[in-house]
Amino acid sequence: MTKRIKGSCTTILVGKKASIDGSTMIARNEDGAGPLNPQKFVVIKPEDQPKHYKSVLSPVEIDLPENPLRYTSTPDATDGRGIWAGAGINSDNVAMTATETITSNSRILGVDPHVADGIGEEDITTITLPYIHSAREGVKRLGALLEKYGTYEMNAMAFSDKDEVWYFESIAGHHWAAIRIPDDAYVIAPNRFNIDQYDFDSEDTLFASDLPELIEKNHLNPDPDQVNLRHIFGSATIKDTRYNNPRAWYGQKYFNPEIDQSPIDQDLPFICRTSKKISVEDMKFVLSSHYQNTPYDPYGTGTEDEKKQFRPIGINRNQELHILQIRSDVPAEIAGVHWLAFGPNTFNAPVPFYANVNDTPDAYRKTTGECDPTAMYWLTNVLALMGDNNFGLYEDQENLFEENTVADCRHLQMETDKVATQQTDVSKYLESVNNQMSDVAMAYANKLLGQMLALGEPQMKLQFTLND
């Protein structure tokens with residue numbers, strides 16, 4: 001069995017009445033266990049989907065249903081550890097992101113131990129996303145899979161369609177709970193058990209059928225007057241105060257600056273609301289953030305201890321960032337947009353790729369395990385490594401790179417939205433637009449690289465002028 005590893009991601013969810021354009025959006029940083037874990041962007045067509053699934057990290061094998069849907073995917077680019085499909089949008093405009101590693105506690109693990117031969121992050125998107133036709137159906141399918149096969153780790157997943165956003169957390173070996181995010185709300189979810197207040201009688205919750213009985217029978221609820229799943233199944237450790245809670249704090253501080261909270265608070269709210277309509281740009285900022293304008297910014301002016309006190313959101317282990325947007329104000333053929341950025345988020349830009357395609361651009365699809373600056377994954381990692389050396393020197397250029405990339409791609413998208421459904425082959429046309437967007441992003445990334453070279457080389461220590 002291949003050695004299992006854990007990533008550590010950050011998730012943002014936005015309901016349709018909380019977004020700037022009425023779309024639903026689910027987003028996540030996929031953070032690897034180490035700095036480099038090459039990723040690619042592909043489309044899995046029905047004929048490419050296995051009928052019998054066999055895990056790499058576990059002995060589990062699963063017969064899959066007939067008639068899978070086509071879906072976009074961001075799997076590992078190298079073989080040996082399984083697929084790790086990460087996230088995608090299927091041809092019925094249902095989005096899924098999997099997974100957010102979350103915490104647990106010894107009380108529930110004593111009752112329902114993890115299953116060594118169960119399913120895990122490597123498997124979950126591949127065995128779920130091609131077979132669901134709504135976000136709610138995704139919750140039910142994944143819940144049934146967890147109950148049948150069990151899992152060897154705690155994870156959180158999210159599903160969305162044009163109307164609903166659902167957040168799903170696995171519980172110990174075989175249990176789970178999910179909640180529909182209110183249309184007017186947003187969520188910032190770091191690597192902890194996140195669901196707090198929970199109503200088993202609500203139409204907006206789904207859960208393993210025996211979960212209420214399991215809590216009662218095993219005396220798992222520490223609260224006499226509420227059902228708070230984070231208190232029951234999650235953690236409240238010192239590590240949470242340094243690694244998890246500050247990320248929720250900073251995201252909530254960005255969207256709700258009027259609320260005064262502590263970065264180490266163990267009870268930061270799960271479901272939040274803000275008077276500001278949330279955009280893709282807002283989500284990208286939060287997912288790239290490193291506690292700017294606070295003493296905790298590693299690139300800032302705090303003390304050395306302050307700058308190392310909390311784990312940032314944007315980090316060298318970011319492998320890819322996706323914002324899965326399902327729009328309701330355009331025809332279904334162009335409703336799904338798989339925004340994607342590779343590498344550390346401090347030096348990348350998200351590109352709005354249409355999901356209704358059968359192929360993806362070369363620069364995003366042909367990633368290998370060898371460094372190749374013609375592949376976006378490797379190019380953005382080069383930019384991030386150079387930028388980390390002197391962030392202040394390159395920050396303005398990076399900001400312009402991201403603004404210009406997103407602006408030009410947005411313009412392409414707006415022009416495409418007007419004419420796409422008039423095309424004879426809509427998917428083929430959208431593939432050509434995605435290729436144009438890829439070209440835009442690569443051109444601006446290479447321009448940024450040139451600017452960084454021009455600014456950085458005069459700072460090199462190895463210099464000796466003719467006048468010295």
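Just above, that's the structure.
Since we're looking at a predicted model, the values are computed, not measured.

Quick notes on the rules
- Positions within a chain are numbered from 1, following the residues in the order the chain's sequence is written.
- This being a predicted model, a pLDDT of at least 70 is required before a residue's local features are given, and a value of 80 or more before pairs of side-chain atoms are given or counted; all residues contribute to the totals for chains, interfaces and linings.
- By convention in this description, side-chain values take in all heavy atoms of the structure and omit both hydrogens and water.
- Numbered from the N terminus, helices here are DSSP runs of H or I no shorter than four residues, and strands are runs of E no shorter than two.
- Throughout, radius of gyration means the C-alpha value; the globule benchmark is 2.2 Å times the number of residues raised to the power 0.38.
- In this analysis, two residues are considered to be in contact whenever any of their non-hydrogen atoms come within 4.5 Å of each other.
- For the area figures, the Shrake-Rupley method with a 1.4 Å probe applies, and any residue is considered shielded solely by the protein chains shown.
- Within this scheme the basic residues Lys and Arg register as positive and the acidic residues Asp and Glu register as negative, but His and the chain ends are omitted.
- A charge is said to be at NZ when it belongs to Lys, at CZ for Arg, at CG for Asp and at CD for Glu.
- Any carboxyl oxygen of Asp or Glu within 4 Å of a side-chain nitrogen of Lys or Arg constitutes a salt bridge here.
- For helices, the fitted axis covers only the stretch in contact; all axes are lines through C-alpha atoms, and the angles between them, taken along N-to-C directions, range from 0 to 180 degrees.
- We call two directions roughly parallel when the angle between them is under 35 degrees, roughly antiparallel when it is over 145, roughly perpendicular when it lies between 65 and 115, and oblique otherwise.
- Left-handed is the label given to a crossing in which the near helix is rotated counterclockwise from the far helix by less than a right angle, and right-handed is the label when the rotation is clockwise.
- Any residue outside Ala, Val, Leu, Ile, Met, Phe, Trp, Tyr, Cys, Pro, Asp, Glu, Lys and Arg is labelled polar, Gly included; the first ten of those are nonpolar and the last four are charged.
- Exposure classes here rest on a 1.4 Å probe applied to the protein chains alone. A residue is buried below 20% of its type maximum, exposed above 50%, and partly exposed in between.
- We call two strands paired when DSSP finds no fewer than two bridges between them.

Caption draft 1: Just the overall build of the protein chain, in detail. Regarding its fold elements, the protein chain presents 12 helices and 17 strands. In summary, the protein chain has a C-alpha radius of gyration of 22 Å against a globular reference of 23 Å for 468 residues, a match within 12%. Its C-alpha atoms give the protein chain principal-axis dimensions of roughly 80 × 60 × 50 Å. When contacts within the protein chain are restricted to residue pairs at least 6 apart in sequence, long-range pairs at least 24 apart make up 72% of them. Working note: accessible area of the protein chain is about 19,200 Å², and carbon and sulfur atoms make up 51% of it. The protein chain carries 42 positive and 68 negative side-chain charges, and their two centres are separated by 1 Å.

Caption draft 2: Just the pattern of salt bridges, in detail. All chains considered together, the criterion is met by 19 salt bridges. Its salt-bridge partner being Asp417, residue Arg327 comes within 2.7 Å of it at the nearest N-O pair. Remark: Asp417 occurs in helix H11 (residues 391-419) and Arg327 occurs in the loop between strand E15 (318-326) and strand E16 (336-342); sequence separation between them is 90 residues. Three or more residues are tied together by salt bridges with common partners; here these are Arg136, Glu164, Arg180 and Asp183.

Caption draft 3: View of the packing of helix H10 (residues 376-389) against helix H12 (residues 426-456). Interhelical geometry of H10 versus H12 gives an angle of 25° and a closest axis separation of 11 Å. Classified by the interaxial angle, the pair formed by H10 and H12 is roughly parallel. Pair H10 / H12 crosses with left-handed handedness. Between H10 and H12, the residues in contact are Met376, Leu379, Val382, Leu383, Met386 and Gly387 and Ala441, Met442, Ala445, Asn446, Leu448, Leu449, Met452 and Leu453, respectively. When grouped by side-chain class, the residues that make up the contact of H10 with H12 number 12 nonpolar, two polar and no charged.

Caption draft 4: Inspection of unusual backbone geometry at higher detail. For the bond from Ala98 to Thr99, the omega torsion is 15°, close enough to zero to count as cis. Relative to the helices and strands, Thr99 resides in strand E8 (residues 95-101). One non-glycine residue, Asn67, lies in the positive phi region at around 60°. Relative to the assigned elements, Asn67 resides in the loop between strand E5 (61-63) and strand E6 (71-73). Despite not being glycine, His219 shows a phi value in the positive range, around 55°. With respect to the helices, strands and loops of the structure, His219 is situated in the loop between helix H4 (211-217) and helix H5 (229-233). In this structure His219 comes out as exposed when scored by relative accessible area, which is 70%.

Caption draft 5: The arrangement of the pairing of strand E9 (residues 155-160) in detail. Of all six residues that make up E9, six are buried, and the element is covered over most of its length. Covered by surrounding structure in E9 are Asn155, Met157 and Phe159 together with Ala156, Ala158 and Ser160, the residues of both alternating faces. Judged from the six bridges that link them, E8 and E9 form a sheet pairing that is antiparallel. Following the sheet pairing, Met96 is matched in E9 by Phe159. Where E9 and strand E10 (residues 165-171) come together, five bridges link them in antiparallel fashion. Paired with Ala158 across the strands is Tyr167, a residue of E10. Here E9 folds back onto E10, and the loop between the two strands holds four residues.

Caption draft 6: Broad picture of the environment of Lys447. Relative to the assigned elements, Lys447 resides in helix H12. Residue Lys447 is classed as partly exposed on the basis of its relative accessible area, which comes to 48%. C-alpha of Lys447 to C-alpha of Gln397: the two residues are 50 residues apart in sequence and 9.6 Å apart in space.

Caption draft 7: Quick peek at helix H7 (residues 280-288). Of all nine residues that make up H7, seven are buried, and the element is covered over most of its length. Along H7, the residues classified as buried are Val280, Asp282, Met283, Lys284, Val286, Leu287 and Ser288.

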